There are 2 protein chains.
Amino acid sequence: MSWIKVFSPATIGNIGPGFDVLGLAVKGLGDIVEARKIDSGIRISSIKSELELSKNPTKNTAGIAAYEVLKLLNEKGGIEFKIKKGLPAGSGLGSSAASATAAAFATNYLYGNKLSKQELILPATKAEEKVSGGFFADNTAPALLGGATLTRSCLPLDIIKIGSISDLKIILVTPEIFVLTKTARKILPKKIPLKNFVHNMANSCLITAAFAKDDYPLFARSLNDVIIEPVRAKLIKGFDVVKKNAIKAGADGMTISGSGPTVFAVTDSSRKAKSIENAMVSTFKKFRVNTTSIITEVDSEGTRLINNS
Amino acid sequence: MSWIKVFSPATIGNIGPGFDVLGLAVKGLGDIVEARKIDSGIRISSIKSELELSKNPTKNTAGIAAYEVLKLLNEKGGIEFKIKKGLPAGSGLGSSAASATAAAFATNYLYGNKLSKQELILPATKAEEKVSGGFFADNTAPALLGGATLTRSCLPLDIIKIGSISDLKIILVTPEIFVLTKTARKILPKKIPLKNFVHNMANSCLITAAFAKDDYPLFARSLNDVIIEPVRAKLIKGFDVVKKNAIKAGADGMTISGSGPTVFAVTDSSRKAKSIENAMVSTFKKFRVNTTSIITEVDSEGTRLINNS
C-alpha cells in the first residue's frame, strides 16, 4: 500500500480573551504525518521529535484519533503512521492537536474520504482529551478547518469557521519554560467578576467580527484579556516586560497562546514584525530565558494532503 | 425657522447573552422628534406620550442630548423640540435612548451636520446616563447606527456596527409589568462561574458572526444566556412558561430585551411568527398579564430624517 503525507498546522488557542471559545491556525509550523493502510491494527512505526513520545497507539493522540475515525467509519482495516513532529509538546501551540488532526484526516482519506473536516473534529478532540484531560476543541478545530474558529459548545460539539485576516502578521515566541496544560488549568479562577466577563466577551466579539470581515484594524485593538492572562502570565518568566517591550516596538497587542508558554504579538507591518520579534527575544534573554521564534500569518486552509516528494 | 422630523428606532439591549455589549435596532417602533432652531436655550414645547414625562430639558434625555451636542459643536444657538413617544418608558426597548438619539441627530442636523452618527453616540449616551444612572451604549448605539452593534468599551467609547440579518423575524411582547432598570441592575450577580462566562461569550461571538455574515441559522442557535436571564426572568411573571410555549410554537429562542419586561422570540418564518406571537400573548394572559405585541425585523438604518408630511 502506498503512503500519503498530511500536514496539520500549529494553533493558537483562545486568541487572547476568547478562553476555550476562539482558536486560530498559523502557517509555517506543524506536524507531518505519513500514513498507509495495513490489514489490521494501528501502528506507529516512527516518531521524529525533540522529546521522546510514546509509539504506543493507545497513548499517542495520532493513534487514538485513528482508532476513533476507524470506529466512526466502521472499518476493520488498520493504519500505519510515521510522525514528524514540527511542534514541541507543551509549547502552547496545539502540538497534540496537530498530530491528532493529521492522523484523523489521513485515516479518513485512506478509507474512502467519507467524513468532512467538521466531522473529524469530534474524533480528533476525543484523542486530545485522553492526553490533556479536558475535552476542548480550540486547537483541533482551527487545525482542521484553518483560519479562526469559534466553539459555541463542546457537548454537543458546535463549531464554525469564522474566517481569516489577510494582513495579520503574528510573531510567535516560545520560551524554554515548561508549562503543563493541567497546571495552567488548575490555577484558573472558579468565579470571575461580572465586569471582567463583559470586558472579555466584548473583545472576543470584536475578534469574531474582525475575522468575519477580514479587518485587521478591528482585530488590532481587541487582544485584551483581563481574566486568564493575568493568572497564567505568572508561569512565564519575564512576561510583563516582554509584553511592554513588544508594544514599545510597535505591536498592537501581545498575549499567551493557549496555556502557554508560547506568547504571540500582532501587527500588520512586516517591518515592525521584525523589530517586535527582536524586542521579545532579547527581553526574554535578559531574563536568561532562551527562545525560538517565527514571524508568521494565518493558515486559512488547515489540515491537508501535501506533496509526497 | 422650519421644522425637521427625526425618527429613532426601538432597540433590544444585550441580544440575549451579550450583556452590555450587543444591541439591535428594530423596525416599527420608535420615537419621533420634531425640531427647529431657536435663538437660544433648549425648549421642549410638547410631549405626546402615555406616561407623563418632564418637559424640563435638563431632566429629559432629548434635552440633555441636545445640550451635549450643542456643547460639542460649540454653538450658542438653541433648539425647540416636539416629542412623540412611540415607546413607553421602562419597557426594555430603549425608550430613553430613542429620544436621546433622535434629539442628538436633529440638533447636529440643524447646526450644519458636522458630526457623524458615530460621534453622536457619546452625547446621546451621556444623556441616557443622567436618566438611567449608568453609562451604557447598548441602546443608543444601535438606535443611531441601525442593525446590530458591538460596544467594545465604554470608556473610551469604542463601538462598531456589525451588520444585519435579513431573514430575522422578531416577535416583541411587552407585558404590563413595571421593571425599573435600576432594580434590574441591582439584582445582578457580582461574580459569575468561569464556565458561565465561557458559555455566554461563545454565544455572543456566534451572534456577532451571524450578523457579520447575514446568516440566520447561525443566529438561531445562539440566543442562550445563562448569566442574566435566570436572574431577571424572576421579575417577569410567567416568563418560563411563556418561553416554553414560544419554543413549542416554533421559536428558535426567546429571552429578555435589555432589562425587561419586554421579551422577544426569533424565527425566520412569517407563518411561525404569528403562531409564536399568539402563544406568547395568550400565555401571559393566563398569568393575568396584559401585553402589547408586534412582529418586526431588524432596522438596519437607525436614526434618520423622515418626511415632514
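Residues numbered from 1 in each chain as written. Chains lettered and ligands numbered in written order. Predicted model: local features only at pLDDT ≥ 70, side-chain atom pairs only at ≥ 80, totals over all residues. Heavy atoms only, no water.

Participant: Before we go on, may I ask you to explain the pairing of strand β9 (residues 253-256) of chain B in this structure?
Facilitator: For a regular strand, side-chain orientation follows a simple rule: the groups alternate between the two sheet faces. Across 4 bridges, the pairing between β9(B) and strand β10 (residues 263-267) of chain B is antiparallel. Within the sheet, the bridge partner assigned to Thr255(B) lies in β10(B) and is Phe264(B). (Pairing = 2+ DSSP bridges. Helix = DSSP H or I, 4+ residues; strand = E, 2+ residues; numbered from the N terminus.)

Participant: Please clarify how the relation of the copies chain B and chain A should be interpreted in this entry.
Facilitator: Each of the two chain copies can be generated from the other by rotation about an axis followed by a shift along it. Here chain B sits on chain A after a turn of 180° about the axis and a move of 0.0 Å along it, with an RMSD of 0.0 Å. In the structure described here, the two chain copies are related by an operation that fits a two-fold rotation axis. A high fraction, 100%, of the interface residues of chain B reappear at the interface in chain A, so the copies pair face to face through one surface. (Least-squares fit on C-alpha atoms with pLDDT ≥ 70 in both. Contact = heavy atoms within 4.5 Å.)

Participant: Explain the interface of chain B and chain A to me, please; I cannot follow it from the model alone.
Facilitator: By a frequent convention, interface size equals the accessible area lost on bringing the separate parts together. With 37 residues of chain B at the interface, the matching set in chain A holds 37 residues. Buried surface at the junction of chain B and chain A, both sides included, amounts to about 3000 Å², of which 73% is carbon and sulfur. Applying the counting rule to chain B against chain A returns 11 residue pairs in polar contact (both at pLDDT 80 or more). Contributing elements (two or more residues each) for the side of chain B that touches chain A: β5 (148-153), β6 (158-163), β8 (191-193) and α6 (194-213) of chain B. Taken together, the residues of the side of chain B that touches chain A sort by class into 22 nonpolar, 7 polar and 8 charged. Inspection of the sheet shows strand β8 (residues 191-193) of chain A paired to β8(B) by 3 bridges, in the antiparallel sense. Of the residues in β8(B), the one forming a bridge with Pro193(A) is Lys191(B). (Buried area = accessible area lost by both parts, 1.4 Å probe. Polar contact = N/O pair within 3.5 Å; in protein donor to acceptor, adjacent residues only side chain to side chain. Nonpolar A, V, L, I, M, F, W, Y, C, P; charged D, E, K, R; others polar.)

Participant: How do you make sense of the environment of Thr255(B) when you look at a structure like this?
Facilitator: Residue and element names in this part refer to chain B. Structurally, the position occupied by Thr-255 is in strand β9. Thr-255 gets classed as buried once you look at its relative accessible area, which sits at 1%. Spatially, the C-alpha atom of Thr-255 lies 8.1 Å from that of Ile-15, the residues being 240 residues apart in sequence. Beyond its immediate stretch of four places on either side in the chain, Thr-255 contacts Gly-16, Leu-223, Glu-229, Phe-239, Val-263 and Phe-264. A distance of 2.6 Å separates polar atoms of two side chains, one belonging to Thr-255 and the other to Glu-229. (Buried < 20%, exposed > 50% of the residue type's maximum accessible area, 1.4 Å probe, protein only.)

Participant: Which parts of the structure should I look at to understand the nonpolar core?
Facilitator: Inside soluble globular proteins, nonpolar side chains tend to come together where they are buried. Phe211(A), Phe219(A), Phe211(B) and Phe219(B) are the most contacted members of the largest nonpolar core, which has 84 residues in total. In this structure, Ala35(B), Val69(B), Ile83(B) and Ile159(B) belong to the second largest nonpolar core, which totals 35 residues. (Core = buried A, V, L, I, M, F, W, Y, C linked by side-chain atoms within 4.5 Å.)

Participant: Honestly, the sheet that holds strand β10 (residues 263-267) of chain A in this entry has me stumped. Any pointers?
Facilitator: Within a sheet, adjacent strands bond to each other through the backbone by hydrogen bonds, running parallel or antiparallel. Residues and elements named next belong to chain A. If you walk across this open sheet you meet the 4 strands as β9-β10-β7-β11, and the pairing is antiparallel. Bordering the open sheet on either side are β9 (253-256) and β11 (291-296), each of which pairs with just one other strand. Neighbour to neighbour, the strand axes of the sheet diverge by 15° on average, direction disregarded. Across the sheet, helix α9 (residues 239-248) is in contact with β9 and β10; its angle to β9 comes to roughly 155°. Along the sheet face, helix α10 (residues 270-286) touches β7 (169-175), β9, β10 and β11 and points at about 15° away from the line of β7. (Axes fitted to C-alpha atoms, helices over the stretch in contact; angles between N-to-C directions.)

Participant: What is the right way to look at the sheet that holds strand β11 (residues 291-296) of chain B in this model?
Facilitator: Residue and element names in this part refer to chain B. An order of β9-β10-β7-β11 is seen for the 4 strands of this open sheet, with the pairing classed as antiparallel. Among the strands making up the open sheet, the edge pair consists of β9 and β11. On average, adjacent strands in this sheet sit at an angle of 15° to one another, irrespective of strand direction. Across the face of the sheet, helix α9 (residues 239-248) comes into contact with β9 and β10 while running at roughly 155° to β9.

Participant: Sorry, what's going on with the packing of α9(B) against helix α10 (residues 270-286) of chain B here?
Facilitator: Working note: a packed helix pair is described by the angle between its axes plus the distance between those axes. Residue and element names in this part refer to chain B. Packing of α9 against α10 leaves a shortest axis separation of 8 Å and a crossing angle of 155°. Of the possible angle classes, the one that applies to α9 and α10 is roughly antiparallel. When you trace α9 past α10, the crossing you get is right-handed. Contacts between α9 and α10 pair Val-241, Val-242, Asn-245 and Ala-246 from the former with Ile-276, Ala-279, Met-280, Thr-283 and Phe-284 from the latter. Residues of the contact of α9 with α10, tallied by class, amount to 7 nonpolar, 2 polar and no charged. (Parallel < 35°, antiparallel > 145°, perpendicular 65-115°, else oblique. Left-handed = near helix turned anticlockwise from the far one by under 90°.)

Participant: Even after reading the chapter, I still don't get the side chain of Ser153(B), so can you show me in this structure?
Facilitator: All names here are of chain B. Relative to the helices and strands, Ser-153 resides in strand β5. Residue Ser-153 is classed as buried on the basis of its relative accessible area of 14%. Within the structure, Ser-153 has its side chain in polar contact with the backbone oxygen of Pro-156 (distance 2.5 Å).

Participant: Before we go on, may I ask you to explain helix α2 (residues 95-110) of chain A in this structure?
Facilitator: A turn of α-helix holds 3.6 residues, and therefore any two residues three or four places apart point the same way. In this model α2(A) runs 23 Å from its N-terminal to its C-terminal C-alpha over 16 residues, within 8% of the 22 Å that 1.5 Å per residue would give. Note on α2(A): the residue one or two positions beyond its end, Gly112(A), has a positive phi of about 95°. (Expected span 1.5 Å × (residues − 1).)

Participant: So what exactly am I meant to see when it comes to the confidence of the model for chain A here?
Facilitator: Caution applies to low-pLDDT regions: their predicted coordinates should not be interpreted in detail. Residues at a pLDDT of 70 or more form 99% of chain A, whose mean pLDDT is 94. The ipTM value of the predicted complex is 0.94, and its pTM value is 0.95. (pLDDT = per-residue confidence, 0-100.)

Participant: Would you explain the packing of helix α1 (residues 61-73) of chain A against helix α3 (residues 117-132) of chain A in this entry?
Facilitator: All names here are of chain A. The geometry of α1 relative to α3 is characterised by a closest axis approach of 8 Å and an angle of 140° between their N-to-C directions. By the criterion of interaxial angle, the relationship of α1 to α3 is oblique. The hand of the α1/α3 crossing is right-handed. Of the residues in α3, those in contact with Thr-61, Ile-64, Ala-65, Glu-68, Val-69 and Leu-72 of α1 are Glu-119, Leu-120, Pro-123, Ala-124, Lys-126, Ala-127, Glu-128, Lys-130 and Val-131.

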